[in-house]
4 protein chains.
Amino acid sequence: MRATFDPPTDAEAYRFCHRLRVRFAETDAMGVVHHAAYLPYLEEARVEYLRSVGHPFDLLRAEGWELPVAGVATRYLRPLFFDDVVDVHLVVARAAGAAFEIGYLLTVGAEPRATAVTRHGVVGPRGHPVRCPDWLVALASGPSSGDPEH
Amino acid sequence: MRATFDPPTDAEAYRFCHRLRVRFAETDAMGVVHHAAYLPYLEEARVEYLRSVGHPFDLLRAEGWELPVAGVATRYLRPLFFDDVVDVHLVVARAAGAAFEIGYLLTVGAEPRATAVTRHGVVGPRGHPVRCPDWLVALASGPSSGDPEH
Amino acid sequence: MRATFDPPTDAEAYRFCHRLRVRFAETDAMGVVHHAAYLPYLEEARVEYLRSVGHPFDLLRAEGWELPVAGVATRYLRPLFFDDVVDVHLVVARAAGAAFEIGYLLTVGAEPRATAVTRHGVVGPRGHPVRCPDWLVALASGPSSGDPEH
Amino acid sequence: MRATFDPPTDAEAYRFCHRLRVRFAETDAMGVVHHAAYLPYLEEARVEYLRSVGHPFDLLRAEGWELPVAGVATRYLRPLFFDDVVDVHLVVARAAGAAFEIGYLLTVGAEPRATAVTRHGVVGPRGHPVRCPDWLVALASGPSSGDPEH
């Protein structure tokens, strides 16, 4: 994807943090977390973020909404290992028209391990792409995501 | 990642094609292939490509080489479904210094479903990053990948 | 599960064979295929077997049938490694009432690596459990699966 | 596998409970959690149990111990769905010689969803199978696992 957002490695630039722990099943024969296993981490953090802002994803889905992933861009800075406790920092970086972007930073302790951006479409209850709902646009324009003084 | 290569949706721009079939386990509750499941498809195609050019990945690994994924960028154009027969087209787009990029196009029949780029580092037998070996540089400069007449 | 079928390690006891290759993504930090990754192998073999007997699973699903997995039992004999070419041998071991069992043997070359049994329910087009259709019962009673002279 | 332990559906029969939440990536096109996704749940619960009894798995691995899975048996009673909060109840059911078994019950609220047994070998720091260490044998013989009055 051609993401417009370049996720910083400074955790202060993000608005939400979800903690998870690396499963053994997510490692590979190089002894580190397989690069594909990061995508469910991002998804898990998205789901928890939507819950935290009052729009649980399972409720959205029950109402007929989907937020399909249109693109992902990851940058692996240092490996993750089995049993690492990972903080997935997240910010809605952009929401305009029928698409939005979320930026992510994965840290262990204070150390950046990876960054990522996911780009999403919005499919409404009638099964067609629709504009981002207002609450989603509002998430992208809050003080902490855009405020340079944050 | 900030990929330098923008993978085209024209299969003629690629140099290798690996065919695979979607597993049921790779689908999700939206009824399509989960976006994370594409990354192992890319990896499987890379492994077959390396075999086809005489550098099987298991042999490389036995010699101490690793080609760790430094970044991935995907663009999902249309969904993949259970049992789809997917052609993963591939080209080494760039190999310079201690990094290289591979571009991918996923098609079903003639229809583009997704594109992707993976960026890789090169770790040599001594466990340190090293320059791309000559055979890898040669893969990036062949006639069919850069030749506009192809 | 309490499987009634004890899958033998002799490939001659099976009626179908599907070949696949281990993906790097399926390995774990012990350097072998993760034990959970075997289940999609079994599923892939089931799907190919159903296709081979004229009942493709995607067609069954389009007609409203599901064959949900009610239980799995695996026995790991020797590890599988990245890039191994695995033969998944399969036999419908039992089909009675609204349930059936499939037995599996995984080999690399002639060497047994694992055995497994999956037990399935049958859900018909109306969304309720139903008796095994005749074609499925017939698969369980063919000469090669039960014939001691095979 | 031929498990000797038949995991009950009564949570009181287990000694440890680990809570996790279903990821969207773990669902499949039937709209439920894919049957293979349960195995990493069991593993995650095992890892947390070992931590809780003072034998963290990453420390065991650093010392050269492995507890390879020799067999798994699962019974799926009712589906798990996206976002379900799952309690994985666990008990070391048997530890004798160079093998041990763990039983599991998965519940959502008070409702049983699945049971499972994993059978493990023990590989010691020299890379060979060894007898279960004393602390592991002790886990299998505690009052709550075998006490009928519990």
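All values derive from a computational prediction rather than experimental measurement. (Residues numbered from 1 in each chain as written. Chains lettered and ligands numbered in written order. Predicted model: local features only at pLDDT ≥ 70, side-chain atom pairs only at ≥ 80, totals over all residues.)

**What to know about the overall build of chain A**
Looking only at helices and strands, chain A has four helices and five strands in total. Starting at the N terminus, the α and β elements of chain A follow one another as β-α-α-β-β-β-β-α-α. In summary, chain A has a C-alpha radius of gyration of 15 Å against a globular reference of 15 Å for 150 residues, a match within 12%. The dimensions of chain A, computed from C-alpha atoms along their principal axes, are 45 × 35 × 30 Å. Among the 150 residues that make up chain A, the fraction classed as buried is 44%. For chain A, restricting intrachain contacts to residue pairs at least 6 apart in sequence, the fraction spanning at least 24 positions comes to 72%. (Helix = DSSP H or I, 4+ residues; strand = E, 2+ residues; numbered from the N terminus. Rg over C-alpha atoms; globule rule 2.2 N^0.38 Å. Buried ≥ 20, exposed ≤ 12 C-beta atoms within 10 Å, placed from the backbone. Contact = placed C-beta atoms within 7 Å.)

**Considerations on the environment of Gly31(C)**
Within the secondary structure, Gly31(C) is located in the loop between strand E1 (16-21) and helix H1 (38-52). Gly31(C) sits in the partly exposed class, given 13 other C-beta atoms within 10 Å.

**Regarding the relation of the copies chain B and chain A**
When chain B is brought onto chain A, the operation consists of a screw motion whose angular component is 180° and whose axial shift is 0.0 Å, with 0.0 Å RMSD remaining. The operation mapping one copy onto its partner corresponds to a two-fold rotation axis. Rotation axis and chain B: the residue whose C-alpha lies nearest the axis is Ala73(B), separated from it by 2.1 Å. Of the interface residues in chain B, 100% have counterparts in chain A that sit at the interface too, so the contact is made through matching surfaces. (Least-squares fit on C-alpha atoms with pLDDT ≥ 70 in both.)

**Some remarks on the interface of chain B and chain A**
Taken together, the 15 residues of chain B in the interface contact 15 residues of chain A. Listed by contribution, the elements that provide at least two residues to the side of chain B that touches chain A are helix H1 (38-52) and strand E2 (69-76) of chain B. Here five bridges tie strand E2 (residues 69-76) of chain A to E2(B), and the two strands are oriented antiparallel to one another. Paired with Thr74(A) across the two strands is Val72(B), which belongs to E2(B). (Pairing = 2+ DSSP bridges.)

**A closer look at the confidence of the model for chain A**
All names here are of chain A. The predicted model of chain A has a mean per-residue pLDDT of 92, with 92% of residues at 70 or higher. This model gives residues 144-150 a pLDDT under 50, and the stretch forms eight contacts once residues within four places in sequence are excluded. Scored as a whole, the predicted complex attains pTM 0.94, and scored at its interfaces, ipTM 0.92. (pLDDT = per-residue confidence, 0-100.)

**Concerning helix H1 (residues 38-52) of chain A**
Residue and element names in this part refer to chain A. Its 15 residues give H1 an end-to-end C-alpha distance of 21 Å, which sits within 8% of 21 Å, the value for a rise of 1.5 Å per residue. Of the residues making up H1, those classed as buried are Tyr-38, Leu-39, Tyr-41, Leu-42, Glu-43, Ala-45, Arg-46, Val-47, Tyr-49 and Leu-50. Residues of H1 that are buried make contact with strand E1 (16-21), helix H2 (57-62), E2, strand E3 (85-96), strand E4 (99-108) and strand E5 (111-121). Gly-54 occupies a position one or two residues after H1 and carries a positive phi of about 85°. (Expected span 1.5 Å × (residues − 1).)

**Quick word on the relation of the copies chain D and chain B**
The second copy of the chain is related to the first by a rotation about an axis and a shift along the axis. Overlaying chain D on chain B yields an RMSD of 0.0 Å, the required transformation being a rotation through 180° with an accompanying axial translation of 0.0 Å. Mapped onto chain B, 100% of the interface residues of chain D again fall at the interface, so both copies present the same surface.

**Re the sheet that holds E2(A)**
As a general point, the strands of a sheet are linked pairwise by backbone hydrogen bonds and lie either parallel or antiparallel. Strand order in the open sheet made by the ten strands is E1(A)-E3(A)-E4(A)-E5(A)-E2(A)-E2(B)-E5(B)-E4(B)-E3(B)-E1(B), with antiparallel pairing throughout. Two strands close off the open sheet at either side, each with one partner strand: E1 of chain A together with strand E1 (16-21) of chain B. Across the sheet, the axes of successive neighbouring strands diverge by a mean angle of 20°, strand direction being ignored. Those strands touched by H1(A) are E1, E2, E3, E4 and E5 of chain A, and its axis lies near 130° from that of E1(A). (Axes fitted to C-alpha atoms, helices over the stretch in contact; angles between N-to-C directions.)

**As for the interface of chain D and chain B**
Taken together, the contact pairs nine residues of chain D with nine residues of chain B. Of the residues assigned to the side of chain D that touches chain B, the class counts are five nonpolar, three polar and one charged. (Nonpolar A, V, L, I, M, F, W, Y, C, P; charged D, E, K, R; others polar.)

**Overview of unusual backbone geometry**
Positive phi, close to 75°, is recorded for Asp83(A), a residue that is not glycine. Among the secondary structure elements, Asp83(A) is positioned in the loop between E2 and E3.

**Let's talk about the environment of Phe5(C)**
All names here are of chain C. Tracing the backbone through its elements, the reader meets Phe-5 in the segment before E1. The class for Phe-5 is partly exposed, based on 17 C-beta atoms found within 10 Å. Sequence-wise, Phe-5 and Asp-134 are 129 residues apart; in three dimensions their C-alpha atoms are separated by 20 Å. Among all residues touching Phe-5, those that are not within four sequence positions of it are Ala-93, Arg-94, Glu-101, Gly-103 and Val-117.

**Some words on the sheet that holds strand E2 (residues 69-76) of chain D**
Strand order in the open sheet formed by ten strands is E1(C)-E3(C)-E4(C)-E5(C)-E2(C)-E2(D)-E5(D)-E4(D)-E3(D)-E1(D), with antiparallel pairing between adjacent strands. If you trace the sheet from one side to the other, it starts and ends with E1 of chain C together with strand E1 (16-21) of chain D, each paired once. Recorded for the sheet is a direction-independent mean angle of 20° between the axes of neighbouring strands. Bridge analysis of strand E4 (residues 99-108) of chain D against strand E5 (residues 111-121) of chain D gives ten bridges, and the strand direction is antiparallel. Within the sheet, the bridge partner assigned to Ala99(D) lies in E5(D) and is Gly121(D). The sheet contacts of H1(C) involve E1, strand E2 (69-76), strand E3 (85-96), strand E4 (99-108) and strand E5 (111-121) of chain C, and relative to E1(C) the element is tilted by about 130°. Contacts from helix H1 (residues 38-52) of chain D reach E1, E2, strand E3 (85-96), E4 and E5 of chain D, with the element oriented near 130° to E1(D).

**A closer look at the pairing of E2(B)**
All names here are of chain B. Burial analysis of E2 places six of its eight residues in the buried class, which makes it a mostly covered element. Two elements, E2 and strand E5 (residues 111-121), share seven bridges in a ladder whose sense is antiparallel. Paired with Val-69 across the bridge in E5 is His-120.

**Some points on the environment of Leu106(B)**
Take Leu106(B): it is sitting in strand E4 (residues 99-108). Leave out the neighbours within four places in its chain, and Leu106(B) touches Tyr41(B), Val86(B), Val88(B), Arg113(B) and Ala114(B).

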